[in-house]
Amino acid sequence: MKFLLLFVVGYLQIPDHDEYVCSPCGQGCDNKIYSKPGKCHSCGMPLVKKSTIKFKNIDLEEMCNRIKDNPKVVLLDVRSPGEFNGSNKDVSSFGHFKNAININVAELEARVNELSKYKDSEVIVYCSHSHRSPQASYLLNTHGFTNVKNMIGGVSTFGTSYNSFCLKKEFVVHTK
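Residues numbered from 1 in each chain as written. Predicted model: local features only at pLDDT ≥ 70, side-chain atom pairs only at ≥ 80, totals over all residues. Heavy atoms only, no water.

Engineer: Mind showing me how you'd approach the overall build of the protein chain here?
Structural biologist: A tally of regular secondary structure across the protein chain gives six helices and nine strands. Burial statistics for the protein chain: of 176 residues in total, 41% are counted as buried. Counting only contacts in the protein chain whose residues sit at least 6 apart along the sequence, the fraction spanning at least 24 positions is 65%. By element, 54% of the accessible surface of the protein chain is carried by carbon and sulfur atoms, the whole surface being about 10500 Å². (Helix = DSSP H or I, 4+ residues; strand = E, 2+ residues; numbered from the N terminus. Buried < 20%, exposed > 50% of the residue type's maximum accessible area, 1.4 Å probe, protein only. Contact = heavy atoms within 4.5 Å. Areas by Shrake-Rupley, 256 points an atom, 1.4 Å probe, with all protein chains shown as cover.)

Engineer: What's the story with the side chain of serine 133 in this structure? I'm lost.
Structural biologist: Structurally, serine 133 can be placed in helix α5 (residues 133-142). On the basis of relative accessible area, serine 133 is assigned to the buried category, the value being 0%. For serine 133, the side chain forms a polar contact with the side chain of asparagine 150, separated by 2.5 Å. Residues in contact with serine 133, not counting those within four places in the same chain, are Val78, Val125, Tyr126, Cys127, Asn150 and Met151. (Polar contact = N/O pair within 3.5 Å; in protein donor to acceptor, adjacent residues only side chain to side chain.)

Engineer: I'm lost on the state of the cysteines in this one. Help?
Structural biologist: Here is the idea: a disulfide is a covalent bond, and it sits between the sulfur atoms of two cysteines. Tallying each qualifying case throughout the model produces zero disulfides. Of all cysteine sulfurs in the structure, the one in cysteine 29 sits closest to cysteine 40, which takes part in no disulfide; the separation is 3.7 Å. With relative accessibility at 4%, the residue cysteine 40 sits in the buried group. (Disulfide = S-S within 2.5 Å.)

Engineer: Explain the confidence of the model for the protein chain to me, please; I cannot follow it from the model alone.
Structural biologist: A low pLDDT score tells you not to read the predicted coordinates there in detail. Per-residue pLDDT for the protein chain has a mean of 86; in total, 87% of the residues score no lower than 70. Overall, residues 4-10 carries pLDDT values under 50, and its contacts beyond four positions in sequence, including any with other chains, amount to zero contacts. (pLDDT = per-residue confidence, 0-100.)

Engineer: What is the right way to look at the sheet that holds strand β7 (residues 122-126) in this model?
Structural biologist: Picture the strands of a sheet paired through backbone hydrogen bonds; they go either parallel or antiparallel. The strand order across the open sheet formed by five strands is β3-β8-β7-β4-β6, and the pairing between neighbours is parallel. Every other strand in the sheet has two partners, leaving β3 (56-58) and β6 (101-102) as the edge strands with one partner each. One ladder, built from four bridges, connects β7 with strand β8 (residues 147-151); its direction is parallel. Looking at the pairing, isoleucine 124 lines up with lysine 149 of β8. With respect to the sheet, α5 is in contact with β4 (74-77), β7 and β8, its orientation differing from that of β8 by roughly 175 degrees. (Pairing = 2+ DSSP bridges. Axes fitted to C-alpha atoms, helices over the stretch in contact; angles between N-to-C directions.)

Engineer: Looking at this structure, I do not really get the pattern of salt bridges. What am I missing?
Structural biologist: Pairing is possible between side chains that carry opposite charge, provided their charged atoms lie close to one another. Taken as a whole and judged by the stated rule, the model has ten salt bridges. The salt bridge involving glutamate 107 is made with arginine 111; its shortest N-O contact spans 3.0 Å. Here glutamate 107 and its partner arginine 111 are both found in helix α4 (residues 105-111), four residues apart, which amounts to about one turn of the helix. A relative accessible area of 35% places glutamate 107 in the partly exposed class. Through salt bridges with shared partners, a single network forms among Arg66, Asp69, Glu122 and Lys149. (Salt bridge = Lys/Arg side-chain N within 4 Å of Asp/Glu carboxyl O.)

Engineer: I keep staring at the pairing of β7 and nothing clicks. Help me out?
Structural biologist: Note on strand geometry: in a regular strand, side chains alternate between the two faces of the sheet. The element β7 is extensively covered by neighbouring structure, given that five of its five residues are classed as buried. The two faces of β7 match: Glu122, Ile124 and Tyr126 on one face and Val123 and Val125 on the other face are all buried. Note: β4 against β7, four bridges, orientation parallel. Bridge pairing in β7 links valine 74 to valine 123.

Written out as structure tokens, the structure is:
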């Protein structure tokens, strides 16, 4: 009887098959599933276990709602300082959210400790086109941040949305 019980338990046990995805890069390849580690065939980024991607993607409307509902939300702009403040004339800046913290995604891992007091706070990460912010959101998750959201599309997508109440109140538009 003991043998039969062990056989049944072993038989019913489902093998552990990890799924892997592209390290978040903000492109369509983020959604492709792989069965083993390696590099993404589309962008060349390392593949990571899908279970390690814990941040949530939100759109502009949801971001505005989160800013309204949580005055203590931390806004993290991961563009270069020149893009953030509009001083880089070689690239479009679009503008930035008031009270946002600016840390370039290229420096974020080295500077993540500057944000450690926000590990349990709601953090919304954004950039210009949503290619850098998913990378930054993932990095924050891997460093223990528990409530990270990535604004999909980035500030370049606002277009005529500048008329929204949230953007009129919370966003500084850079003019050329």
